[in-house]
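What follows is the residue order along each chain.
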2 protein chains.
Amino acid sequence: MARRQLKLGAFMRPVSLHTGAWRYPGAWPDANFNFAAMKRFVTTLERGKFDAFFMADHLAVLNMPIEALKRSQTVTSFEPFTLLSALSVVTERIGLVATASTTFDAPYHIARRFASLDHISGGRAGWNIVTTSNPDAALNFGLDEHVEHGERYRRAREFYDVVTGLWDSFADDAFLHDVESGLFFDPDRMRRIDHKGEFLSVRGPLNIARPVQGWPVIVQAGASEPGRQLAAETAEVVFAASSTIENGRSFYADVKGRMDRLGRPRDGLKILPGAMVFVGDTVEDAKARRARVDALVHADSAIAALSISLGVDASAFDPDGPLPPIPETNQSKSSRERVIELAERENLTVRQLAQRLGGYAGLAFVGTAETIADEMEEWLETEASDGFNLVFPYVPEGLDLFVDRVVPELQRRGIFRTEYEGTTLRDSLGLPRPSNRHFA
Amino acid sequence: MARRQLKLGAFMRPVSLHTGAWRYPGAWPDANFNFAAMKRFVTTLERGKFDAFFMADHLAVLNMPIEALKRSQTVTSFEPFTLLSALSVVTERIGLVATASTTFDAPYHIARRFASLDHISGGRAGWNIVTTSNPDAALNFGLDEHVEHGERYRRAREFYDVVTGLWDSFADDAFLHDVESGLFFDPDRMRRIDHKGEFLSVRGPLNIARPVQGWPVIVQAGASEPGRQLAAETAEVVFAASSTIENGRSFYADVKGRMDRLGRPRDGLKILPGAMVFVGDTVEDAKARRARVDALVHADSAIAALSISLGVDASAFDPDGPLPPIPETNQSKSSRERVIELAERENLTVRQLAQRLGGYAGLAFVGTAETIADEMEEWLETEASDGFNLVFPYVPEGLDLFVDRVVPELQRRGIFRTEYEGTTLRDSLGLPRPSNRHFA
């Protein structure tokens, strides 16, 4: 019997999510607006048979203290739709997932852009639905206050219904192009949606033919209660934030259990935790690489991150000593304990701990191709995930090492593709093409 | 002394604006969602050294009677930003102008997308500012009624101020990428806009570096009193709708006169009337080509267009006879008289007249390379225009004929470039790079 297959995405800001990455030897600090760099990254991902490139996005300059912001390459980057459309031309099979907000955009625009990207790319578009938690975004869109969490999720659900409804405006066979009779399309194969709901009022029809994939692939990342429920109801890929394999199994069981109760087949949704990968010649080499990029996080950003995580001012601690005892504070106990436990487990100094938190503190695989493949295999086989949404600590080298070493090892074990299964993102993910609600 | 130079844009929907075009021999009826076709068109335009490709756009299925709509290839097409970003990858010098509405979008989105397109294309983006006159668009964006004309223009002006302000968020030299010190950008070289106006409230800064061109090129098409004034104040290209050379001169003098009064240099704005071109081996051949594509407009669409233009029901007229006498109606006198005059001048039957109006009834150049170059030269030299925004009656053949025959004739006369002047759209148009309002 064929083995379960890993699905692999790459979640990127152009330079990296790790705030020390742009200073790493060989990195391209100008990648945020360097299209040639992005072309280099995405064609490497396609060489590695990745399912998809996920483009992160923000609708404001990140609201961090200016001392940290000025050292962060995440302050700016390309806008997702323009970047992914351009990247579609230099690739043939990899999926292209754009982040788009349901709180600060209109469903007619969103439906059009994804449909257009899906046509241009031959069926490789995906929509990472976000409700936008950065309160500064509201200030860029005419609102004085941020939209409350529950309201954002109710609007997101309605927004999803409208967008998918707009994608169904035309039957797949609506466009006849009958030169002889002069009939360009069959008006009986077109529908308005005439939606009037709590937040949105949209007549339709969409002025774009049905996407190649029927609907672009639906992606979500929400981990909250309404986020998990929305995912179980609507998502086809979940970008999870599981920090350990135990958390991964628990999240996996919860979301797939919700699907069972909704009557949705479990394999209609792929759960992909985000994970940073550090590949080395040996485990020690990989750890040294991690230490090197962490060490590039500036002290100001690092100490600020540590202070926030602990709920105390960490600037007076001896940076080269161990973490001193931390009293109880208003900061959540689990966050504080996680940090204390991390310092003890890896025997980190205050500076190293701070730089880890100021760089990237989520799930990471640190080792050789074999040890990383072992870990990934364990996640896959124990139902902690269906694959991963990988984050590279520095590019291009961190990406190249994964593609050149880990991918062949995963392929050798028979848990990752050696060729794309088809031409669309749905083909890669093994997802069905949605039927049209109006037309058989 | 060097002669004045024509500026040439191509204004396109993928198949054509002419509603008979998709049925023309050799046309590609599926071009609306055929990226290979679009690539073929835009690379041909670049071979012909065109200044820019202008992508028309709509925010609703066009509100025409269903009997006409079902025969019209204009019902759907790619969305401009996704298409133009993809086309930027297959071209090197041609400008890429996207239509975007100030009535139904948010300035933060618009500023980001154009800035991103300008970075991806190396400085070739332009913004065709429209206020969206199709009332059906309002119904797709949560409004029950269309926004009134004067209000749309006041909002457009405010929207322009906000978008250009957002483009100035960062000084050109803000991004230091100083690997040694860890300073990614200089926060003193970043500004918020803190805009609160009649329609818009936007804090900023934009999360994208200043565009390559400073600002993408500003394009407008409004012919109304507020449209002309907005153009004189803000536009760098005006897409005009002059139907005769006399109209062209009058419009040109009016808009450039408004610029004089505002203290703007006249050459900071290029006036480009839309014009359809029919190139033939002889003038008679060109006329026959026009008749052939007009004859492909279906009778239903044609008679509907004639009835609207005249303000009477034309369906009872003998299609093969001359236009009967038309009584005065509620329809504007100038529209009715223009149609009657057209029928007499070209000796058209009712069917031919109806098909002209149902196809494309604006300014057209019909002839050989020499006669078309003569006409264009006259427009240029008598200050009726600074060039043209060309419309091709059928593609690819109508486009190829222009590039292969008319362009060399214009070049031979010394009124059109043989090589691009630089790398950006501003370089092609001879427009200065705007200074940043915040930073010298």
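The name given to chain A in an unreviewed UniProt entry is LLM class flavin-dependent oxidoreductase, with Methylobrevis albus as the source organism. According to the UniProt record, the Sequence similarities (unreviewed entry) comment for chain A reads "Belongs to the NtaA/SnaA/DszA monooxygenase family."

### Remarks on the overall build of chain A
If you tally the helices and strands in chain A, you get 15 helices and 13 strands. With the C-alpha coordinates aligned to their principal axes, the bounding extent of chain A is approximately 80 × 55 × 45 Å. For chain A, the proportion of its 440 residues judged to be buried stands at 64%. Residue pairs at least 24 apart in sequence account for 77% of intrachain contacts in chain A once pairs closer than 6 positions are excluded. If you sum the accessible surface of chain A, you get close to 15900 Å²; carbon and sulfur atoms cover 50% of it. Here chain A contributes 50 positively and 60 negatively charged side chains, and the mean placements of these two sets differ by 1 Å.

### Comments concerning the relation of the copies chain B and chain A
When chain B is fitted to chain A, the residual RMSD is 0.1 Å, and the transformation amounts to a turn of 180 degrees plus an axial shift of 0.0 Å. Taken together, these values place the two copies in the relation of a two-fold axis. Nearest to the rotation axis, the C-alpha of A86(B) is located 2.1 Å from it, this being the minimum over chain B.

### Focus on the side chain of T82(A)
Residue placement: T82(A) occurs in helix α3 (residues 80-89). Of the polar contacts made by the side chain of T82(A), one reaches the side chain of E79(A); its length is 2.6 Å. Only 2.8 Å separates the side chain of T82(A) from the side chain of S116(B), close enough to count as a polar contact. Filtering out sequence-adjacent residues up to four positions away, T82(A) remains in contact with F81(B), S85(B), R113(B), S116(B), L117(B) and I120(B).

### Observations concerning the pattern of salt bridges
Oppositely charged side chains can form a pair if their charged atoms are brought close together. Using the criterion set out here, one finds 85 salt bridges over all chains in the structure. One salt bridge connects R47(A) with D404(A), and the closest N-O pair in it is separated by 2.9 Å. Here D404(A) lies in helix α14 (residues 397-412) and R47(A) lies in helix α1 (residues 35-47), a separation of 357 residues in the sequence. Across the pair E198(B) and R154(B) runs a salt bridge, and its minimum N-O distance is 2.8 Å. You can see E198(B) sitting in the loop between β7 (195-196) and β8 (201-202) and its partner R154(B) sitting in helix α6 (residues 149-167), a full 44 residues away along the chain. Given a relative accessible area of 54%, E198(B) falls into the exposed group.

### Comments concerning the interface of chain B and chain A
If you look at the interface, chain B gives 72 residues, while chain A gives 72 residues. Summing the contributions of chain B and of chain A, the shared interface buries around 6000 Å²; its carbon and sulfur component is 64%. Counting every contact that joins chain B to chain A gives 8 salt bridges. As a salt-bridge pair, E79(A) and R113(B) come within 3.4 Å of each other at their nearest N and O atoms. The interface formed by chain B and chain A holds 38 residue pairs in polar contact (both at pLDDT 80 or more) in total. If you list the elements that add at least two residues to the side of chain B that touches chain A, you get α2 (66-69), α3 (80-89), α4 (107-120), α5 (135-139), β5 (175-178), β6 (183-185) and β8 of chain B. Sort the elements by how many residues they give to the side of chain B that touches chain A and α4(B) lands first, with 8 residues.

### Looking at the pairing of strand β9 (residues 217-220) of chain B
All names here are of chain B. Along β9, one buried face is formed by V217 and V219 and the opposite face, lined by I218 and Q220, is buried too. Where strand β4 (residues 125-130) lies against β9, 4 bridges are found, and the strand directions are parallel. Within β9, the residue paired with I129 across the bridge is Q220. Direction of pairing for β9 relative to strand β10 (residues 237-240): parallel, over a ladder of 2 bridges. Within β10, the residue paired with Q220 across the bridge is V238. Of the crossover connections in this fold, the one passing from β9 over helix α7 (residues 225-234) to the parallel β10 is right-handed.

### Things to note about the UniProt feature "binding site: FMN" (unreviewed entry) in chain A
Per the UniProt record, the feature "binding site: FMN" (unreviewed entry) sits at D57(A), T99(A), H149(A), Y153(A) and S224(A). Topologically, D57(A) is positioned in the loop between β2 (52-55) and α2 (66-69). With sequence-adjacent residues up to four places away left out, D57(A) is seen in contact with R13(A), P80(A), T99(A) and R112(B). Side chain to side chain, D57(A) and R112(B) meet in a polar contact 2.6 Å long. Within the secondary structure layout, H149(A) lies in helix α6 (residues 149-167). The class for H149(A) is partly exposed, based on a relative accessible area of 33%.

### Brief notes about the pairing of strand β2 (residues 52-55) of chain B
Residues and elements named next belong to chain B. Of the two faces of β2, the one holding A52 and F54 and the one holding F53 and M55 are both buried throughout. As defined by bridge partners, strand β1 (residues 7-12) adjoins β2 across 4 bridges and the pair is classed as parallel. Directly across from F11, in β2, lies its bridge partner F54. You can see the chain leave β1, run along helix α1 (residues 35-47) and come back into β2, and the turn it takes is right-handed. Note: β2 against strand β3 (residues 95-101), 4 bridges, orientation parallel. Opposite M55, over in β3, you have A98 as the bridge partner.

### Section: the domain arrangement of chain A
All names here are of chain A. As assigned here, chain A comprises domain 1 (7-280 + 368-429) and domain 2 (288-358). Placing a centre on the C-alpha atoms of domain 1 and another on those of domain 2 gives a separation of 31 Å. Taken together, the 16 residues of domain 1 in the interface contact 11 residues of domain 2. In total, domain 1 and domain 2 occlude about 1300 Å² of area from one another, counting both sides; carbon and sulfur atoms represent 59% of this. Broken down residue by residue, the surface that domain 1 buries against domain 2 is led by Y24, R71 and F278, which jointly contribute 37%. At the junction of domain 1 and domain 2, the tally comes to 2 salt bridges.

### Points about the packing of aromatic side chains
One pass over the structure, following the stated rule, counts 46 aromatic pairs over all chains. Both rings, one in Y108(A) and one in F141(B), keep their centres 5.5 Å apart while their planes meet at 65 degrees; by these two values the pair is edge-to-face. Within this pair, whereas Y108(A) is found in helix α4 (residues 107-120), its partner F141(B) is found in the loop between α5 and α6, the two belonging to separate chains. The same class applies to Y108(A) as to F141(B), namely buried. Arranged with centres 5.9 Å apart and planes meeting at 85 degrees, the rings of F170(B) and F185(B) form a pair that is edge-to-face. A residue pair is termed long-range when its members are at least 10 positions apart, and F170(B) in the loop between α6 and β5 and F185(B) in strand β6 qualify at 15 residues. Each of the two residues, F170(B) as well as F185(B), counts as buried. Counting every residue linked through ring pairs, the aromatic cluster contains W22(A), F170(B), F175(B), F184(B) and F185(B). In this structure, R113(B) packs its charged tip against the face of F81(B), placed 5.9 Å from the ring centre.

Thresholds applied
Counting of residues starts from 1 at the beginning of each chain's written sequence and follows it residue by residue. Naming scheme: in the order in which they are written, chains are lettered from A and ligands are numbered from 1. This being a predicted model, a pLDDT of at least 70 is required before a residue's local features are given, and a value of 80 or more before pairs of side-chain atoms are given or counted; all residues contribute to the totals for chains, interfaces and linings. To get the side-chain values, all heavy atoms of the structure are used, and hydrogens and water are removed first. UniProt positions are given in the numbering used here, feature names are shortened, and annotations may be inferred rather than shown by experiment. Counting from the N terminus, the helices are the DSSP runs of H or I reaching at least four residues and the strands are the DSSP runs of E reaching at least two. Think of it in three bands: with a 1.4 Å probe and only protein chains considered, a residue is buried below 20% of the maximum accessible area for its type, exposed above 50%, and partly exposed in between. Whether two residues touch is decided by their heavy atoms; if any such pair falls within 4.5 Å, the residues are in contact. Only the protein chains shown count as cover for residues, and all accessible areas are computed by the Shrake-Rupley method using a 1.4 Å probe. This count recognises Lys and Arg as positive and Asp and Glu as negative, with His and chain-terminal groups excluded. The atom standing in for a charge is NZ when the residue is Lys, CZ when it is Arg, CG when it is Asp and CD when it is Glu. We place the copies in one frame by least squares, fitting the C-alpha atoms of every residue whose pLDDT is at least 70 in both. Here a polar contact is taken to be a pair of N or O atoms separated by no more than 3.5 Å, where protein atoms must pair a possible hydrogen donor with a possible acceptor and residues adjacent in sequence count only if both atoms sit in side chains. Salt bridge, as applied in this entry: a Lys or Arg side-chain nitrogen positioned within 4 Å of an Asp or Glu carboxyl oxygen. For any pair of parts, buried area is found by adding up, for both, the accessible area (1.4 Å probe) each one loses once the two are put together. Whether two strands pair comes down to DSSP finding at least two bridges between them. A clockwise course of the path from the first strand over the helix to the second, judged with the strands pointing away from the viewer, identifies a crossover as right-handed. For each domain, the first and last residues come from an automatic or database assignment. Classification of ring pairs uses Phe, Tyr and Trp, with its six-membered ring standing for Trp, and accepts pairs whose centres are within 6.5 Å; under 30 degrees between planes counts as stacked, over 60 as edge-to-face, and the remaining range as tilted. A positively charged side chain is recorded as over a ring if its NZ (Lys) or CZ (Arg) lies within 6 Å of the ring centre. The angle to the ring normal must also be within 35 degrees.

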